[in-house]
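A look at the structure
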Amino acid sequence: FLAAADGLGSIAIDTTQLNMSVTDPTAWATAMNNLGMVPVGLAGQQLVADSICVPGFDPSLSMMTGITPINPMIPGMGLVPPPPPTDVPVVKEIIHCKSCTLFPPNPNLPPPSTRERPPGCKTVFVGGLPENATEEIIQEVFEQCGDITAIRKSKKNFCHIRFAEEFMVDKAIYLSGYRMRLGSSTDKKDSGRLHVDFAQARDDFYEWECKQRMLAREERHRRKMEEDRLRPPSPPAIMHYSEHEAALLAEKLKDDSKFSEAITVLLTWIERGEVNRRSANQFYSMVQSANSHVRRLMNEKAAHEQEMEQAKESFKNALTGILTQFEQIVAVFNASTRQKAWDHFSKAQRKNIDIWRKHSEELRNAHSEQLMGIRREEEMEMSDDDSGDNPSKKLRVDDSALAAQAYALKEENDSLRWQLDAYRNEVELLKQEKGQLFRTEESLTKDQQLQFLQQTMQGMQQQLLSIQEELNNKKSELEQAKEEQTHTQAMLKVLQEQLKSTKELAEINEHDESQANEINVLTVALVNQDREKNSEKRNPGLKSEKEALLIGIISTFLHVHPFGANIEYLWSYMQQLDSRISANEIEMLLTRLPRMFKQEFTGVGATLEKRWKFCAFEGIKTV
């Protein structure tokens, strides 16, 4: 294929070496067939397929006119339009340039591979360039794909080209696989197979990030504008407090139609802290006006409750009428199913009547249950009224005048009491102000110094008490440590004397096992006695109910085993009752109760074994 491409180049470019007419299509077709290539660039044929050429391109401008063939890859024209249908393969054609010629790859070969496209890619890698290719030739070939901003050519056969826009990279990738030949030369340094791929450049990635940030800002601005558009209108601004505004507000509070708006302003003023000694009476009158609406609201509630009761009554009456009609309809269906009339209906009519009857009975039952539920609720309300659980329900509309009069008297009494409390508070404030005027700054500083000294003295006393407590604790710990040390020294002396005696006895009677057992029993008894004393001092009693239960089970188990049992045997038995218990816990419990359990050594040498026995009954006998 390379030899054919080289041969074709020598024919296509240098027309002086041809023995045939350049404008003869038949001669061109014969030459291309001899080279094993499809004839291209002839009159009436396009250099690039219809799916690739720009609409409106005139294919008749070819070598027949004596003009250099116009290529659809000139700047401003789209080389790669939207991808063609997958079922129609794209046929690549020969591309002629001034300084070189590009021959398409074999269509039977797989398409050239490319790496994953980096975001915002505007730079391509071009490899496989001819060794003699210059930067001008590279720009001549690739500027047909779009505006080139920079070309970085290496000493080797590759370069990097950066375009102005991202879509121009797709046009450059289209040239991957083409064979490039400079002029009509057949030298290897003048030919090469192009490999065009995406390149990762920091400038491209930076511009892409800037563009993404700009889009994100636009999106945030758009969302904010949308939220502002959909946000409900803000409530009207509340005016600041003044005596004039307070007088207007007091009039609005008396008006039922403007009460909801006025009460909001009053609440805002109180929360802002507008209440002071000068405006307290005015605010009190406005609060009193607000309280006067409680009676109106209660009357409105009673009226609405009365309307609700009337609506319930009308609904119940209507439901009763509907239920009566349902009963009549069901009676008609039941009469129709009797033999006198039933025999005269056809089979289809009987089926329809039966279906209608069942449906009517279901609706009647549902309505009757609803009516019974309403009646049960009424009976429950009546029973509540009779029992007197809620006294407010006993009031009737006829007694509303008396209740309103009593409520008004109570309200006046409360207002008078509140005025009296306000006057008392003012008198106390005046007294305090007079007392503060007579007090000098020196007395204030002395009081502050005395308070500070008292606080420091209290803190020092507390620190002294805590240090004394720590000292007492340390002394008690030191005494306990001394007692333990003396006890261990005495035990060590006893054990050394016993060891000497056992050695003398072993030399005299080597095979006397009974004496050795007695010595072991004596030593263990001494150790147990000491442990009993220590345990009596340290462990005065049981800690929980669980320990008492464990002691009972262990006592029963060891009482059944008069010769004792080792700790592993005892632990395996207790594991069946409580899987969370450990051998160490059982042994600690046994050592804490030396009057109930004792430990003995049995055997000699390798058969020496520690066993626990139950000795509570022996302690009772000795006592």
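These numbers come from a predicted model, not from an experiment.

The rules behind the values
Residues numbered from 1 in each chain as written. Predicted model: local features only at pLDDT ≥ 70, side-chain atom pairs only at ≥ 80, totals over all residues. Heavy atoms only, no water. Axes fitted to C-alpha atoms, helices over the stretch in contact; angles between N-to-C directions. Helix = DSSP H or I, 4+ residues; strand = E, 2+ residues; numbered from the N terminus. Parallel < 35°, antiparallel > 145°, perpendicular 65-115°, else oblique. Left-handed = near helix turned anticlockwise from the far one by under 90°. Contact = heavy atoms within 4.5 Å. Pairing = 2+ DSSP bridges. pLDDT = per-residue confidence, 0-100. Buried < 20%, exposed > 50% of the residue type's maximum accessible area, 1.4 Å probe, protein only. Arc of directions from axis to C-beta. Core = buried A, V, L, I, M, F, W, Y, C linked by side-chain atoms within 4.5 Å. Salt bridge = Lys/Arg side-chain N within 4 Å of Asp/Glu carboxyl O.

The next thing to look at is the packing of helix α6 (residues 243-254) against helix α8 (residues 280-336). In the contact formed by α6 and α8, the axes pass within 9 Å of each other and the chain directions differ by 15°. As judged from the angle between their axes, α6 and α8 are roughly parallel. Between α6 and α8 the crossing geometry is left-handed. On α8, the residues that touch Glu243, Ala246, Ala247, Leu249, Ala250, Leu253 and Lys254 of α6 are Gln282, Met286, Ser289 and His293.

The four strands lie next to each other as β4-β5-β3-β8, forming an open sheet whose pairing is antiparallel. Pairing within the sheet leaves two strands with one partner each, and these edge strands are β4 (148-153) and β8 (195-198). Taking each pair of neighbouring strands and ignoring which way they run, the sheet shows an average axis angle of 20°. Where β4 meets strand β5 (residues 158-163), five bridges bridge the pair, whose relative direction is antiparallel. Paired with Ile148 across the two strands is Phe163, which belongs to β5. Contacts between helix α3 (residues 135-142) and the sheet are confined to β3 (123-127), β4, β5 and β8, with β4 contributing the most and set at about 140° to the helix.

In the predicted model, the protein carries a mean pLDDT of 77, and 75% of its residues have values of at least 70. Between residues 1-25, whose pLDDT stays under 50, and residues either more than four places distant or in other chains, the model counts 43 contacts. Segment residues 27-81 is flagged for pLDDT under 50; beyond a separation of four residues in sequence, or across chains, it makes 87 contacts in the model.

So, on to helix α15 (residues 567-577). Taken together, the buried positions of α15 are occupied by Ile567, Leu570 and Met574. Down the axis of α15, the buried set is contained in an arc of 65°. They therefore lie on one face. The exposed set on the far side of α15, more than 90 degrees from its buried face, consists of Glu568 and Gln576. On its buried face, α15 is in contact with α14 (545-560), α16 (583-592) and β10 (609-614).

Below, the discussion takes up the nonpolar core. Counting 30 residues, the largest nonpolar core has Val126, Phe142, Ile161, Phe163, Leu175 and Met180 as its most contacted members. Dropping the residues within four chain positions of it, Val126 is found in contact with Phe142, Asn157, Phe158, Cys159, Ile161, Leu194, His195 and Val196. Formed by 18 residues, the second largest nonpolar core is a distinct cluster that contains Ile581, Leu589, Leu590 and Phe614.

The next point concerns the pattern of salt bridges. Opposite charge on two side chains lets them pair, provided their charged atoms get close. The final tally for this structure, using the stated rule, is 21 salt bridges. The partner of Asp256 in a salt bridge is Arg296, with the nearest N and O atoms 3.4 Å apart. Pair noted here: Asp256 is in the loop between α6 and α7 (259-272) and Arg296 is in helix α8, with a separation of 40 residues, a long-range link. A relative accessible area of 43% means that Asp256 is categorised as partly exposed. Among the salt bridges present, the one from Arg611 reaches Glu609, with a minimum N-O distance of 3.5 Å.

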